[in-house]
Amino acid sequence: MLNRALMGQYQPGSTFKIGVAAAALEEGIITPNTYIKDLGRYTYYDANGPRCWIYLKNGRTHGTINVVEAIQESCNYFFYDIGRQLTISKMNKYSRLYGLGEHTGIELSEYTGILAGPDYRKEAGLGEWYPGDTLQAAIGQSDTLFTPLQISCYISTLVGGGTRYSAHLLDSVRKFYT
């Protein structure tokens, strides 16, 4: 009896990387011609830092890639690095602009999801936010949760050039002839 589209909250995973990439491009952190070398394990904060999925799977890396390739390959390492540079604060600012963590406008009750970060951790009594937590948030993990409808609206906003529309229910679509 749970309306999963409006009330189910799930980690967005790699779908979140597209928004992180758009925010990093908008902020000038990267350009389409910025290349980052995937070393497998991201050691900026700790020698035992998180690893890219391909490194975990078979010890390989994605090599030196740009943002388009990083999205195509879903390279965690690339997004760890640009997420760290972007910061959780700016990541959340752009996420809200895309409609994540906000009401979609639908005429039914819905959850707004959760934007990971120090504010959420404090409100929820979950302890301290560490800089390394931003790395996990940048790949759509950590405390981040959204509804399927929010993800749909978010993708619509990104592919629509930044125009954000409210979600609505329709009874029917009619074709009118003149």
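Residues numbered from 1 in each chain as written. Predicted model: local features only at pLDDT ≥ 70, side-chain atom pairs only at ≥ 80, totals over all residues. Heavy atoms only, no water.

A. How the structure looks around the environment of Trp53. By the secondary structure assignment, Trp53 is in helix α3 (residues 53-58). Note on Trp53: relative accessible area 34%, which makes it partly exposed. Not counting the four nearest positions on each side in its chain, Trp53 is found in contact with His62, Glu73, Ser74, Cys75 and Asn76. A polar side-chain atom of Trp53 sits 3.3 Å from the main-chain carbonyl oxygen of Glu73. (Helix = DSSP H or I, 4+ residues; strand = E, 2+ residues; numbered from the N terminus. Buried < 20%, exposed > 50% of the residue type's maximum accessible area, 1.4 Å probe, protein only. Contact = heavy atoms within 4.5 Å. Polar contact = N/O pair within 3.5 Å; in protein donor to acceptor, adjacent residues only side chain to side chain.)

B. The environment of Tyr10, seen in detail. Relative to the assigned elements, Tyr10 resides in the loop between α1 (4-7) and α2 (15-26). When its relative accessible area of 34% is taken as the criterion, Tyr10 is described as partly exposed. For the pair Tyr10 and Arg60, spaced 50 residues apart in sequence, the C-alpha to C-alpha distance is 29 Å. Ignoring any residue separated from it by four or fewer positions in sequence, one finds Tyr10 in contact with Arg4, Thr144, Leu145, Phe146 and Pro148.

C. Fine view of helix α5 (residues 76-86). Judged by how many residues are buried, α5 sits mostly within the fold: 10 of 11 residues are covered. Listing the buried residues of α5 in full gives Asn76, Tyr77, Phe78, Phe79, Tyr80, Asp81, Ile82, Gly83, Arg84 and Leu86. Just downstream of α5 lies Thr87, where phi reads positive at about 80°.

All quantities given are derived from atomic positions and should not be read as evidence of function.
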